[in-house]
Amino acid sequence: MTDIHVILGAPKAEEIQPLIKTEGIIIGVDRGALLALEEKLKVDVALGDFDSISSHEKKLVEQSKAKVINFPTDKDDTDAELAFEYILNHFDANNIYVYNWYGGRVDHLYSIMMIVLQKRFKPLISKIKFISKNNVIEYFLPGEYRIDKIDKMEYLSYILMSKVKALTLRDVKYELTRKDFDQPLALISNEFLNNQATLIFEKGIIAAIQSRDYKA
């Protein structure tokens, strides 16, 4: 099993390289491949329709050591969905870290956040982690979990992506015990009491977001 680092093509708000903490495969998605190369990262796979870069920039990607996979502009999947589909078919992933995923169009952001609701990507749900300087998002299927506090992050929010049954939150400022929710809901701005929080639920999909107030 290997870690996969997926670099998307949103307008870059922060340096990508310092956020990558483990070795693994780097996949540059559309403009994300160019952004990674600009930071001297070794891109293993570059894929997408590449409609957001110029022909000159495309040549820079093609001249790198990356395996370049081209897709037509008119297609059913977004470039991000193509990346996850590629991971499903080619790798036994340990963790899937996603970078440069926000800062551009809101519809793109919604599309990316909702990828975990697609049945075909269910095997990847618990492996996906969206990484940025001020926000880290990971997803959970039913079970019992201990969530470790990330250094410098101030808040812990739980986003219920679906109906959720018997949600229990412990070791946080605002606790719950076996509460059912019949619709998606954002339970935001909770806080760790110590360095680990407990999450338990019996049905649904939950995103846990550790965040801090924006710092340039």
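Residues numbered from 1 in each chain as written. Predicted model: local features only at pLDDT ≥ 70, side-chain atom pairs only at ≥ 80, totals over all residues. Heavy atoms only, no water.

What about the nonpolar core?
What counts, and what does not: Note on terminology: a nonpolar core comprises buried Ala, Val, Leu, Ile, Met, Phe, Trp, Tyr and Cys residues joined through side-chain atoms within 4.5 Å. A simple rule labels every residue: compare its accessible area, found with a 1.4 Å probe on the protein chains alone, to the largest value its type can have, and call it buried under 20%, exposed over 50%, or partly exposed in between. Per the convention used, a helix needs a DSSP run of H or I reaching at least four residues, while a strand needs a run of E reaching at least two, with both numbered from the N terminus. Contacts: residue pairs with any heavy atoms within 4.5 Å of one another.
Ranked by internal contacts, the top residues of the largest apolar core, which has 33 residues, are I96 and Y139. The greatest single-element share of this core, amounting to six residues, is contributed by helix 3 (residues 79-90). If near-sequence neighbours (up to four positions away) are discounted, Y139 is found in contact with M113, V116, I125, S126, I128, F130, M161, I206 and A207.

Side note on the sheet that holds strand 13 (residues 196-201)
The condition is simple: Strands qualify as paired when DSSP identifies two bridges or more between them. Helix axes are fitted to C-alpha atoms over the stretch in contact, other axes to C-alpha atoms as well, and angles between N-to-C directions run from 0 to 180 degrees.
Taken in spatial order, the four strands of this open sheet run 8-13-10-11, and their pairing is antiparallel. This sheet does not close on itself; its edge strands, each paired only once, are strand 8 (143-148) and strand 11 (176-181). Taken over all neighbouring pairs, the strand axes of this sheet differ in orientation by 20° on average, direction set aside. With three bridges connecting them, strand 10 (residues 164-170) and strand 13 associate as antiparallel partners. Pairing of L169 across the sheet is with L199, part of strand 13.

Quick look at helix 3
To keep things clear, this is the line we draw: In this scheme, a helix's expected span is set at 1.5 Å multiplied by one less than its residue total.
Relative to the 16 Å expected for twelve residues at 1.5 Å per residue, helix 3 spans 16 Å between its end C-alpha atoms, a close match to the ideal helical length. Within helix 3, burial applies to D79, A80, E81, L82, A83, F84, Y86 and I87.

A closer look at the packing of aromatic side chains
Quick reminder of the rule: In this scheme Phe, Tyr and Trp rings, the latter by its six-membered ring, pair at centre separations within 6.5 Å, and the angle between planes marks the pair as stacked below 30 degrees, edge-to-face above 60, and tilted otherwise.
Counted according to the given criterion, the structure contains six aromatic pairs. Judged by centre distance (6.1 Å) and plane angle (75°), the rings of F130 and Y139 are edge-to-face. Like F130, the residue Y139 is buried in the burial classification. Through a chain of ring-to-ring contacts, three or more aromatic side chains come together here, namely W101, Y102, F130 and Y139.

Here we look at the pairing of strand 13
Buried residues dominate strand 13, accounting for five of its six residues. By the bridge criterion, six bridges tie strand 8 to strand 13 in an arrangement that is antiparallel. Within strand 13, the residue paired with E144 across the bridge is I200.

Here's the deal with a nonpolar patch on the surface
Formally: Each patch is assembled from residues with relative accessible area greater than 30% and no salt bridge, linking like charges that lie within 9 Å and nonpolar side chains (Val, Leu, Ile, Met, Phe, Trp, Tyr) that lie within 5 Å. The method behind every accessible area is Shrake-Rupley, applied with a 1.4 Å probe, and residues are considered shielded solely by the protein chains displayed. When a carboxyl oxygen of Asp or Glu lies within 4 Å of a side-chain nitrogen of Lys or Arg, that pair is called a salt bridge.
The grouping of V106, Y110, M114 and L117 at the surface amounts to a nonpolar patch, some 410 Å² of accessible area in total. Position of L117 among the secondary structure elements: in the loop between helix 4 (106-113) and strand 6 (128-131).

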